[in-house]
Amino acid sequence: MDNIEHIPVMLKESIELLNIKQSSIYVDGTAGAGGFSEVILKLSAPDGVLIALDSDENAVNYVKLKLEKKFEKKRFKVFHSNFSDVDSVIRDAGFEKVDGIVLDLGISSIQLESGRGFSFKDEGYLDMRINTDGKTTAFDIVNYYREEEISDILWNYGDERFSRKIAKKIIEYRKKKLIETPLELSKLIKNSIGCRQNGRNKIDPATRSFLALRIAVNNEYEYLMRFLDKLKNILNHGAVVCILAFHSGEDRLVKNFFKNNKDFHIMTKKPLVPSFEEIKANPRSRSAKLRAASFICQK
Ligand SMILES: C[S@@+](CC[C@H](N)C(=O)[O-])C[C@H]1O[C@@H](n2cnc3c(N)ncnc32)[C@H](O)[C@@H]1O
């Protein structure tokens, strides 16, 4: 894990939108490998405060160590928590409201390569839980859910147009044997949709199904909605919320929330996307969409 680096996506653009100032309080709701957290602390020096959280305990430990090496302890607090509980985390950190929040959704390169089942090359357990306290794994979904349920997950969360076909093959396969590893599942998916590449970008045929399973295992849409619903109660006037999404469903939730909420001034009429250079240097950034809005306190 130590050898793998996570390159933060659209860091410069996000930080510019957040407009970091000293004497202010910020939340990094998806601390990951600490790339955003580190820059927020640098730019808010000498007295800005950061509340960082992540639902993956490994990420929390990693970020704590990283920040402790570079910043005074009194300037940051790191929590093992879900961003859907952001209000109670802010209270536990000793504050009521904050001046900016960033979410960089999904998983980091460290997690992708961690052998916890996120990568379709993994040969270990088909897990995919970001928080290992979670009850359901990808193994449970593919081996025990009904065909319609699997097909709905692939369609709703992964926009997988071969969802029915893949679900049918999964059911046929598991009559003979449980699907045990990510590699086994990705081969099964490839076999069920043949060489038809998934979309114009020629991504691996298993990409959309793996994304969909990860979203389902980790209740990603539900947590994002709960987070958005809490924003009004935890933001100071003028506070900026910056959200980086990596697939259309997630981006749509953010877009509609800002659009339908008169308490927010939209700062990105269209979502910002990574530059050609960034995509070339970090292909993982290719699907990123960045939206930001500032909070207008009506009182
Ligand atoms: C793309 S990474 C963030 C990388 C980070 N911005 C950086 O620069 O290193 C996303 C992180 O969000 C975390 N995460 C995903 N869903 C979460 C949730 N609901 N609550 C808290 N953290 C979450 C993941 O564990 C992962 O570490």
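Conventions adopted
Residues numbered from 1 in each chain as written. Predicted model: local features only at pLDDT ≥ 70, side-chain atom pairs only at ≥ 80, totals over all residues. Near = placed C-beta within 6 Å. Helix = DSSP H or I, 4+ residues; strand = E, 2+ residues; numbered from the N terminus. Nonpolar A, V, L, I, M, F, W, Y, C, P; charged D, E, K, R; others polar. Buried ≥ 20, exposed ≤ 12 C-beta atoms within 10 Å, placed from the backbone. Arc of directions from axis to C-beta. Contact = placed C-beta atoms within 7 Å. Domains from an automatic or database assignment. Pairing = 2+ DSSP bridges. Axes fitted to C-alpha atoms, helices over the stretch in contact; angles between N-to-C directions. Expected span 1.5 Å × (residues − 1). Parallel < 35°, antiparallel > 145°, perpendicular 65-115°, else oblique. Left-handed = near helix turned anticlockwise from the far one by under 90°.

J.: So, the site of the ligand: which residues are in play, and what are the values?
T.: Not every one of the 23 residues close to the ligand is listed here, only the nearest: Pro8, Thr30, Gly32, Ala33 and Gly35. For the shell around the ligand, the secondary structure elements donating two or more residues are α2 (35–43) and β2 (49–54). Considering only residue class, the shell around the ligand consists of nine nonpolar, 11 polar and three charged.

J.: Now, about helix α1 (residues 11–18): what can you tell me, with residues and values included?
T.: Taken residue by residue, α1 has Glu13, Ser14, Leu17 and Leu18 as its buried positions. Angular distribution of buried residues about the axis of α1 spans 135°; they occupy a single face of the element. Taken together, the buried residues of α1 touch α2, β4 (98–104), β5 (235–245) and β7 (289–295). Where α1 terminates, the next one or two residues include Asn19, which has phi positive at roughly 50°.

J.: Which residues make up the domain arrangement of the protein chain, and what values do they have?
T.: Examined at the domain level, the protein chain breaks down into domain 1 (11–110 + 220–295) and domain 2 (132–217). Using only C-alpha atoms to locate each centre, domain 1 and domain 2 end up separated by 30 Å. The interface is formed by five residues belonging to domain 1 together with four residues belonging to domain 2. Of all the secondary structure elements, the ones that give two or more residues to the side of domain 1 that touches domain 2 are α11 (220–230) and α12 (248–259). For the side of domain 1 that touches domain 2, the class distribution of residues is one nonpolar, three polar and one charged.

J.: Could you give an account of the sheet that holds β4, with specific residues and numbers?
T.: Ordered in space as β3-β2-β1-β4-β5-β7-β6, the seven strands form an open sheet in which the pairing is mixed. In the strand order of this sheet, the two ends are held by β3 (76–80) and β6 (264–266), each with one partner. Strand-to-strand twist across the sheet, computed as the mean angle between neighbouring axes with direction ignored, equals 15°. Strand direction decides the pairing type here: strand β1 (residues 25–28) and β4, joined by three bridges, are parallel. Bridge pairing links Asp28 to Val102 in β4. Docked against the sheet, helix α3 (residues 57–70) engages β2 and β3, running at close to 165° with respect to β3. Across the face of the sheet, α12 comes into contact with β5, β6 and β7 while running at roughly 25° to β7.

J.: Describe helix α7 (residues 147–158), with residues and values.
T.: Spacing of three or four residues puts side chains on the same side of an α-helix, whose turn is 3.6 residues. The end-to-end C-alpha separation of α7 is 16 Å, in line with the 16 Å expected for 12 residues at 1.5 Å each. Three or more residues of α7 are buried, namely Ile150, Ser151, Ile153, Leu154, Tyr157 and Gly158. For α7, the angular spread of the buried residues around the axis is 165°, confining them to a single face. For α7, the elements touching its buried residues are α6 (138–144), α8 (163–176), α10 (207–217) and α12. Of the residues trailing α7, Asp159 is marked for its positive phi of about 50°.

J.: How would you sum up the packing of α2 against α3? Please name residues and give values.
T.: Look at α2 against α3: their axes get within 10 Å of each other, and the N-to-C directions meet at 25°. Taken together, the axes of α2 and α3 lie roughly parallel to each other. Handedness of the α2/α3 crossing: right-handed. Two secondary-structure elements touch here, α2 through Ser37, Glu38 and Leu41 and α3 through Val63, Lys66, Leu67 and Lys70. The residue inventory of the contact of α2 with α3, partitioned by class, reads three nonpolar, one polar and three charged.

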